[in-house]
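# A structural walkthrough
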There are 2 protein chains.
Amino acid sequence: MGMRRGILFVLSAPSGAGKTTLSREAVERIAGLEASVSATTRAPRRGETNGVDYHFVTDEEFRRSMENNELVETARVFDAWYGTPRAPLERALLEGRDVLLDIDVNGARAIAQLYGSDVVRVFVIPPSFADLEARLRKRGTEEEAAVTRRLKQAREEYSAYPEYDYLIINSDQEVAVEKLRAVVEAERLKVSRLKQGFTPWT
Amino acid sequence: MGMRRGILFVLSAPSGAGKTTLSREAVERIAGLEASVSATTRAPRRGETNGVDYHFVTDEEFRRSMENNELVETARVFDAWYGTPRAPLERALLEGRDVLLDIDVNGARAIAQLYGSDVVRVFVIPPSFADLEARLRKRGTEEEAAVTRRLKQAREEYSAYPEYDYLIINSDQEVAVEKLRAVVEAERLKVSRLKQGFTPWT
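Further remarks concern the environment of Ala112(A). All names here are of chain A. Position of alanine 112 relative to the elements: it lies in helix H4 (residues 105-115). Residue alanine 112 is classed as partly exposed on the basis of its C-beta count, with 19 C-beta atoms lying within 10 Å. Residues in contact with alanine 112, not counting those within four places in the same chain, are Val119 and Arg121.

And the structure:
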C-alpha cells in the first residue's frame, strides 16, 4: 500500500480568485493528484457529466446523506447544496492517493478537524483587492449590487488565510499551477508522512 | 525587506549519496537560493577560489573564530576543520534571502537548535544500501578497508533521517534537483513564514 497515507489538499480562495480554473488545471497536470467529486442538488449544466463533474442528487437524497454522516462537509450556495462524500476520500487516504478538494473556508475547517495532519490547506488570492474588483467587473455578467456583495464576501473570506498552511498569490495562472505543484511534491517528501516502520533501506 | 525572513535549507546525506553535486546543482538552478561558504583549514585544491568555494584559513584563525563564537557549527573531517560562519547566515535571514547549507547530521542539529523554524532540513539517500555500495566501489579510488569504513559510517548517518523534515531518494540527479526545488518553493509559500503584520491585500 505504499510508504505513506494519501494527502488531502484543500484549496480555498475568496470569490473571484480563479480557484476553479486553478484546481481543474492542477488535477490535469499534477501526476497522481485527483479531484474529489462533490455531491450537489443543483441541476447539471450543459457539458457536465454525472459522477465526473458532480454527483447530481435530489434534495431528499442530499438530506439523507447528511443524516447518515456520509458527507464530511457541506455548503449552501445560493439555492443549492454542495457536499464532499466521505467514502471515496477515506479510501484514497488508505490507499495512499492524494486528493484535491476545492471548498470554502468553512468546509476547510471541517476537513482539517476530521483529518488532522493528512490535510494540507492552500489559500489562493488575487494579487490585490483592486485586481479582484477589476476581474469581477470585467465579467460584465453581474449587476452592480452583486459585484458589491461579492467584494464584501471576498474581504471576509480573505481574512481566513492565516488558518491555512500555504498562500498562493495568483497573478498568473501558469505560475500558480507550478506553485501548487511545488506544494504537492514537497508534501509528498515529508518525513512525518512516512508510515511507521517504513525503511527505505534494507 | 520583503514579506518574510530568509530560510536556511540544510542538506545532509550519508557519505556517497551525491549530496555535494546535488547542492551545487541546486544553487545554480534554483533562483534565489545561495550556498553558504564554509571556512576550512584544508589546503585549496586546483580550481578552488578563496571566498567562493571556501574561506581558506589557518588552524590558528579557525581556532580563534570558534572561540569568538563566529561559527554556528563545525566538523572535523580527516585532518581538517570545516565550519559555517555566523555573520553571512544571519544577514541573509534578516534580508529575507534563502541559503543552502551542505552539512553533516551533527551540524544540522546545531543549526536547528540555533535557528528553529527558520531551518528546513532535507535528507538525501541513495535508493538502496546496495546502490550506495556499488557507487563507492565504482569510484575505484579507495581501498577495501576505506569502502567498508564508509559503508559503516553511511549506515549510522542514515539512521538520523527521522530528525529531518524532508526525505529525497536520489536515484536520478535531475529528479532530485527538481524535488529539492519543490521543497524550496513550497517552503517559501508557507503562511507561517509571513512576517507579523503582513497584509498582501490593501
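Following the structure, the description resumes.
If you look at the biggest cluster of nonpolar residues, it comprises 83 residues, and the most contacted ones within it are Phe9(A), Val122(A), Phe9(B) and Val122(B). Among residues more than four places away in sequence, those in contact with Phe9(A) are Asp98(A), Val99(A), Leu100(A), Leu101(A), Val120(A), Val122(A) and Val184(A).

Moving on, we come to the sheet that holds strand E8 (residues 119-125) of chain A. Residue and element names in this part refer to chain A. In space, the 5 strands of this open sheet follow the order E2-E7-E1-E8-E9, with parallel pairing throughout. Bordering the open sheet on either side are strand E2 (33-35) and strand E9 (166-169), each of which pairs with just one other strand. Sheet twist, expressed as the average angle between the axes of neighbouring strands with direction ignored, equals 25°. Relative to E8, strand E1 (residues 8-12) is paired through 5 bridges, and the arrangement is parallel. Residue pairing across strands places valine 10 opposite arginine 121, the latter belonging to E8. Strand contacts of helix H1 (residues 19-29): E1, E2, strand E7 (98-102) and E8, with the helix running at about 165° to E7, the strand carrying the most contacts.

Attention now goes to the interface of chain A and chain B. Quoted interface sizes are often the accessible area lost when the parts come together. Listed as interface residues are 23 residues of chain A and, on the opposing side, 23 residues of chain B. For the side of chain A that touches chain B, the secondary-structure elements that each account for two or more residues are E9 and helix H7 (173-188) of chain A. With 5 residues, H7(A) is the largest single contributor of residues to the side of chain A that touches chain B. Of the residues in the side of chain A that touches chain B, the class split is 17 nonpolar, 2 polar and 4 charged.

Moving on, we come to the pairing of E1(A). Residues and elements named next belong to chain A. Within E1, 5 of the 5 residues are buried, leaving the element largely enclosed by the surrounding structure. Across 4 bridges, the pairing between E1 and E7 is parallel. When the bridges of E7 are listed, phenylalanine 9 appears paired with leucine 100.

This paragraph deals with unusual backbone geometry. Residue and element names in this part refer to chain A. Its identity as a non-glycine residue notwithstanding, asparagine 69 has a phi of 65°, on the positive side. Checked against the element boundaries, asparagine 69 lands in the loop between helix H2 (59-67) and strand E5 (71-77). The exposure class assigned to asparagine 69 is exposed, which follows from the 8 C-beta atoms found within 10 Å.

What counts, and at which threshold
- Residues numbered from 1 in each chain as written.
- Chains lettered and ligands numbered in written order.
- Predicted model: local features only at pLDDT ≥ 70, side-chain atom pairs only at ≥ 80, totals over all residues.
- Helix = DSSP H or I, 4+ residues; strand = E, 2+ residues; numbered from the N terminus.
- Buried ≥ 20, exposed ≤ 12 C-beta atoms within 10 Å, placed from the backbone.
- Contact = placed C-beta atoms within 7 Å.
- Core = buried A, V, L, I, M, F, W, Y, C linked by C-beta atoms within 7 Å.
- Pairing = 2+ DSSP bridges.
- Axes fitted to C-alpha atoms, helices over the stretch in contact; angles between N-to-C directions.
- Nonpolar A, V, L, I, M, F, W, Y, C, P; charged D, E, K, R; others polar.

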